[in-house]
Structure formats: C-alpha cells, structure tokens
Amino acid sequence: MVMPIGNPPVIVLMTDFGLTDTFVGQMKGIMLSITPAAHLIDLTHAISPQNVAQGAFMLGKSLPFFPDGSIFVSVVDPGVGTLRKAIALGTDRHTFLAPDNGLLTAILQTVKIGHCVHITNERYMLSTRSSTFHGRDIFSPAAAHLAAGVTLLELGEEIEPSECTRIALPGSTTPDNGQSWEGSIIYTDHFGNLVTSLDTNHLDQSKPWIVRAGNCKPLLLSSTYGNVGDQQLLAYVGSSGTIEIAVRNGNAAKLLGLQNGERVWMSGV
Amino acid sequence: MVMPIGNPPVIVLMTDFGLTDTFVGQMKGIMLSITPAAHLIDLTHAISPQNVAQGAFMLGKSLPFFPDGSIFVSVVDPGVGTLRKAIALGTDRHTFLAPDNGLLTAILQTVKIGHCVHITNERYMLSTRSSTFHGRDIFSPAAAHLAAGVTLLELGEEIEPSECTRIALPGSTTPDNGQSWEGSIIYTDHFGNLVTSLDTNHLDQSKPWIVRAGNCKPLLLSSTYGNVGDQQLLAYVGSSGTIEIAVRNGNAAKLLGLQNGERVWMSGV
Amino acid sequence: MVMPIGNPPVIVLMTDFGLTDTFVGQMKGIMLSITPAAHLIDLTHAISPQNVAQGAFMLGKSLPFFPDGSIFVSVVDPGVGTLRKAIALGTDRHTFLAPDNGLLTAILQTVKIGHCVHITNERYMLSTRSSTFHGRDIFSPAAAHLAAGVTLLELGEEIEPSECTRIALPGSTTPDNGQSWEGSIIYTDHFGNLVTSLDTNHLDQSKPWIVRAGNCKPLLLSSTYGNVGDQQLLAYVGSSGTIEIAVRNGNAAKLLGLQNGERVWMSGV
C-alpha cells in the first residue's frame, strides 16, 4: 500500500526553525549529500516555536497539494534529546517523518497508515549526532535515504500506528445542539487574516451563516473579498477549508486585537 | 515569437504572500505535482501586501537576470475572487502569469508581446478552487502545465494585449524643464537603503549630479560606497538602475526618517 | 587536489541580503541562466548586515553538512565597489567564492587550500556590472561557470592563500590558566538561544563543567534539554559544537537580556 517515491523524489520540509539561522540550510546539505537529485520544498519554517498543535494543523491542511510519492520531514520538537521516539510512517500517497509528539495527528486520524516504524537504525543517521538538532542528524538523513530507495522498514523497528502519540488538534469544531459550532483562532496569517478552526467540510454554503468573534459585530459568511467594500470586515471559507476573518485590503488581527486561541462561533441565520 | 520553455523549465515566483504561512509551499507542491522536473525560484514573497505598483516595478527590474524560457508567476492580487481576469502572456524571452490588475505593466510597456490569453480553461486549474487563493488554484497549475508543454493558447481565450490593465508605475521620473528630474522613494531595502524611481538609463554619468530628498543636505551622485566614509550618506546608481540613497555601513531609512512615496529630485550641478 | 563539481552541481548561498528584496532571486536567475541543472541551496541570508565575522563563523561551522563538490557563494561585502578583491579557492571537498575581507577565514585556517585565485576574468562576469551588487554581477556568474565546468584557474590570476585576508573569528575561545575558558555570545538564534564561541572540540564531557554569563547563576553543562524542567535555563553543547545557553521551551535572550558580544566563561567544577 505504500506509494513509491517520486522521480525526482520530492522532500517537503516543515519546521519551527525559522530562516535566520543555518538550520534549514544544513538539513538540505545533508539531504543532497545522500540524494543529489532530490527536490526540496519548504512548506514553512515559521511554525511558532514548539507549537506542535499548529504544526499538526498546517501539515494536515497541506497534504492535498503535494505530489504522490512526497516525503514530508516535519520537525517541531520540544522534546528533542529526551526519550520521545523518532517515527516514520507511510500512507498510500506519502511518507512522513517526525518526532512522535502528535505532529502527525492529522495523518493518523484521517489517512490509512501502511507501515509505521520507530527510527532506530543508526546506519541511516549521521554518525555524530547532537542532542538538540535531530532535524539535521536523524530526520534529514533518514528522509534522504528513503528518497534514495531505502524502504521504511529498514529505518527501524515496526510499531503499531496506534502506539503513536495523538493530540487534540487546535480548536477542532465542536457541534453544539446542531445549530451552532464553536472553534478558535488558530493563527494569524501574513495578511493579518484570522484563521479559525471552524471546519466547513459539511457546511451547506447555499444557506446563510453568521460568524462571531470577540466584540466584533456578527459577520455574514461571504463567498469572496469582493462581497464587501474596501477596509470592511468579512468572514469567508479560507483556502484551507476553515472559516477565516479578514479585512479587505486591511489587517483583521490589528483591527480586532484578537489573539490566537480566542473563541469563535458560527451559526445559521 | 514565443520563447520555448527551458529544459529543465524554470518557474519564477513573486508574491506578497510572505514566507510565514504555507501559501508558497502549497503553490510549489501543486507545480511539482504537474511538472516534477521544474526548477522553482523565489524572486521575492515580500512585496508589501496588496501593493501592485511595487510588484510591477520589482518584476520589471528583474527580467534581465532570468534565463530565456522562464515562466513568471506573479501574484499580488487584492481583487482575488472578484471579476478581475487571470491572464498569461508571452514575449520572445519569457512567459508571464498574473492577475490582470497592472502587475504586468512594465512588461506590457517595454517588451513586445506575442500571444496574450485570459486564463479560462478549467482543465488547467485545480478542480476545487478557493475564492481567495488563485495563486495556488489557478496560476500555479497553469504555469506548471505550460512548463510541461501546454501552449499559451490552450490556457484560455486570446485577448489583445491592449485590453490588459496598465497602471502608473511608482514615481516614474518626470523630466522638468530638462534640467532636473523628480521621482519618489519606492521602497526601503533590507539594508535600509532608499530605492527611488529616478531612472538613470539616459544619465550622462561623466557629469556631476545632485540628489535631494527630505531635509537631507544635497548629495553628490557617487559611483560607489567607497566614495564616502563610514556612516556617511551617499546617493548612487543602484543595482536596478535607479538612484538609491544609503548610509555606508549604516541605515539611511532610520537616519533620514523618510517614508515610501516621498519625493526626491535629481539635477545637474 | 581540487574536488570535482557534483552532478547535479550544488551551489550554496550565504549572504546578508535578507529575503525581502529581489537580491537573492536575481542571483539565482543568473546562475540558472548559465547552469540550468544546478541545485541552489540557501544556507542563510540573515547574516547581520555587514557582519563579516558572524558570516565567517557560520560558514565554517556548516561545512561538514554539505556534499563533496559543493560550490559556496558567500557574500557579506561592506567593501563592495572598493578595491577589495573578489576571490575563489578550492579545497579537497569544496570551492568557495567570496569578497576578500575575511569571510573565508575559517576555511583558510583549518582546511588545506588547493588553488586560490583573484577573480578578474570578465568573460565570467556579467557584461554590465553595478558597483553595489557583486553578488549578482561577479560571484553568481563565476560560481555558475565553475558548476558548468570552467576551472578555478580560468577565473583569474592565481594568488597565494597567504595573501587572503584573515580576521579574528568571533570570540574564539581563550584558554586561561588551563582551568577556565572565556568566550563571547556570537548570535542569538531563532529560538532565543544564545550561541557562544566556547568551543567543545577538546572538552572531556564525562566531567562536570560550569558555564557563566552575565548575572545569570552558574549553569551546570547539560547534555540535553530534558535535563531541566520547563522554562528552566541550561547550558549545553549546541549543534555547531559550541556552548549554547537556552531556556527549555522558552527564550534565553529575552530572559537574560544579554547582547551579542558579551562575555561567557566555562570552567571545571
């Protein structure tokens, strides 16, 4: 059931390492040392430091947009150097490597897992390893070896997917009497748009919906920025499939002063 | 007259999406899903949010430095989700995809256009499209299909280049009695250098020139940082061919307190 | 003794140019114009503006993680446009291009140099060159031509490595009566960890060591974050092999208020 690696192999990186240091560059150096032909894509390196839940959410939402055969290296790793496992698992489309701290929750919850391993084979790690940078010393070489043809089961001992850590994904929507849903603000994007956890997978968008947040007036769910005037607030279905709150050509986070984690609600009119 | 695509094809990305979210990563995922061999280059993702004029300026100044056959995906798109067109056009060197909002003004004004199309063929878009992220859902797949061999005319209906939106490029120099030129500060770069719109294409650099901005003393046009001492102000011809104002080993924006849009002048001595 | 270029060739970029402008994108455009198959890796573009010493340190620490045959383009260049030379040199693993201002000190001090040249051959530069952006106009085309098969000696006139500028690397550790070492804080990383110059190459980590900085209580050298509780301070051997001071799941720079350049000490217990 495991997808063959792409040709050229694609390795997708998501971390909380930022781009100001040499962390990401060194990871790429290691990967190209092992697999010179690999294509390396940065999903993002701006997960908030140590925010595993945000990383898990963003990784889950991004899967549909990557090629079959992609290998995802995801490192948000507050427990680096402790006994937390390094794991790798395969689905019918992708392969994932991450610390076993919940970062793969969205995959474990929604996709059928093939093999799942505890990465222990030192042959596929750097021979000298730091205690603080397993992204470079363990995950990068393991991913590159997979890209070069090593199989998942060669990376270590097989474990049951049920043994992997799962966490509550940030503000998963909570049905409440079937009439309204409660969620939270997960993060603020580059434009100041407030990305919420209010899922719209089962939303009947032909009906009118109201979104509430903070002291802001109730917002009618719009289909596009064009529905409101310049500098006006609106709620709409964002590009990740959850409700977002924005100011057209403006910055909703600044205007509303809302923080990550604050509650939001959606209900029928 | 249209340039063949390079081998491997090069796709150049310019957006106002920033690098903190997964926007750019998802665009790249889509492109490699369609054209695994493509080389993806980031021109910049730090155009000021919704600043079409700045994007148009920076795109125009960067063309000379990219290979023949490059495909440029430029997305600064305040009108996403409205009726503004998505367009693609070819020149004898490059292909460009962008919202039809003036972002391609520099190309339309200075380069001979071959075919120009309104991107409407859903076959070359994502099947599920958001109303807020056409960079991922329309422009990326269209560019990748071009890189894979689809022709421009297959993307949609041909339109006349004259139908495309043009805007006034930021502070284009204005001759004033033939003795002096007026322009404006377009943006401040990473070093705090003030990049102005004062063009030097026709400037006789063998003669002395004076540059004025804000309350700053008049600056003699220098040929290099080395002409002034450490922490001293200077004006010089920047790497994009327009006048810049800088402090050697310092930050002119901080020192002068000048904002984007403020006027600058150049005149003979 | 010079390493052959990799296949595909890998070019590694380190600059103080940041990612908000089009500087890095233009450099990549030039390189792919000359060598379409090259793999371009960003080591970092966030060296502090004009901080040659920081760049020299970070480059030196990153070498072990890059493939044999890599070409490093390093540009932190306060003297651009002055008489400082542009140089290129080869070792048995890598090739390096940089302004001759000390940026290659770590290589000159620790690795055996093969050929070393003053880059003067205009055939391998852009025909039109600015006086402020040699990263694009001189170093990028030279590196790409090397990647395409041009030899080091074709780039210009050979010089002795001893002619190249060397600088004092930031806070190299200073033995002091054999019992304690003094160093300094070199930079603060994305997590707020304080990276020091205290080298651990010859440290007997089986013995206990104490690290001191600012008004902070003496810290016992730990092997991993897991040795202390949440939000607690610790000192440990960082992933570059020097001592770092961090707060577990927190930000040491904010907590301690220490600046780059401040002194730190390590001694036996």
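Computed from a prediction, not measured in an experiment: that's the story for all the values here. (Residues numbered from 1 in each chain as written. Chains lettered and ligands numbered in written order. Predicted model: local features only at pLDDT ≥ 70, side-chain atom pairs only at ≥ 80, totals over all residues. Heavy atoms only, no water.)

Peer 1: Could you clarify how one ought to interpret the sheet that holds strand β1 (residues 10-15) of chain A in this entry?
Peer 2: Either a parallel or an antiparallel arrangement is found when strands of a sheet pair, and the pairing is made through backbone hydrogen bonds. The mixed open sheet is built from 7 strands, whose spatial order is β2-β1-β3-β5-β4-β6-β7 (chain A). The sheet is open, and its two edges are formed by β2 (39-44) and β7 (156-158) of chain A, each paired on a single side. Taken over all neighbouring pairs, the strand axes of this sheet differ in orientation by 25 degrees on average, direction set aside. Sheet topology places strand β4 (residues 86-91) of chain A next to strand β6 (residues 113-119) of chain A; 4 bridges connect them, and they run antiparallel. Opposite A:Ile87, over in β6(A), you have A:His118 as the bridge partner. Along the sheet, helix α1 (residues 23-34) of chain B contacts β1 and β2 of chain A; its crossing angle with β2(A), the most-contacted strand, is approximately 145 degrees. (Pairing = 2+ DSSP bridges. Helix = DSSP H or I, 4+ residues; strand = E, 2+ residues; numbered from the N terminus. Axes fitted to C-alpha atoms, helices over the stretch in contact; angles between N-to-C directions. Contact = heavy atoms within 4.5 Å.)

Peer 1: How should I be thinking about the sheet that holds strand β4 (residues 86-90) of chain B in this particular structure?
Peer 2: Residues and elements named next belong to chain B. Pairing within the open sheet is mixed, and its 7 strands lie in the order β2-β1-β3-β5-β4-β6-β7. The two strands at the open ends of the sheet, each matched to only one other strand, are β2 (39-44) and β7 (156-158). Averaged over all pairs of adjacent strands, the angle between their axes in this sheet comes to 20 degrees, without regard to strand direction. Pairing of strand β1 (residues 10-15) with β2, which is carried by 5 bridges, proceeds in the parallel orientation.

Peer 1: Hey, could you run me through the packing of aromatic side chains in this one?
Peer 2: Given two aromatic rings, one states the distance between the centres and the angle between the planes to describe the pair. Counted according to the given criterion, the structure contains 27 aromatic pairs over all chains. On the numbers, 5.4 Å between centres and 80 degrees between planes, the contact of A:Phe66 with A:Phe72 is edge-to-face. Accessibility classification places A:Phe66 together with A:Phe72 in one group, the buried group. Centroid distance A:Phe191 to B:Phe23: 6.3 Å. Interplanar angle 50 degrees. Geometry classified as tilted. Of this pair, A:Phe191 sits in the loop between β9 (180-188) and β10 (194-199) while B:Phe23 sits in helix α1, placing the two residues on different chains. With respect to class, A:Phe191 is no different from B:Phe23; both count as buried. A network of ring pairs unites the aromatic residues A:Phe17, A:Phe23, A:Phe133 and C:Phe191 as a single cluster. (Phe/Tyr/Trp six-rings, centres within 6.5 Å; stacked < 30°, edge-to-face > 60°. Buried < 20%, exposed > 50% of the residue type's maximum accessible area, 1.4 Å probe, protein only.)

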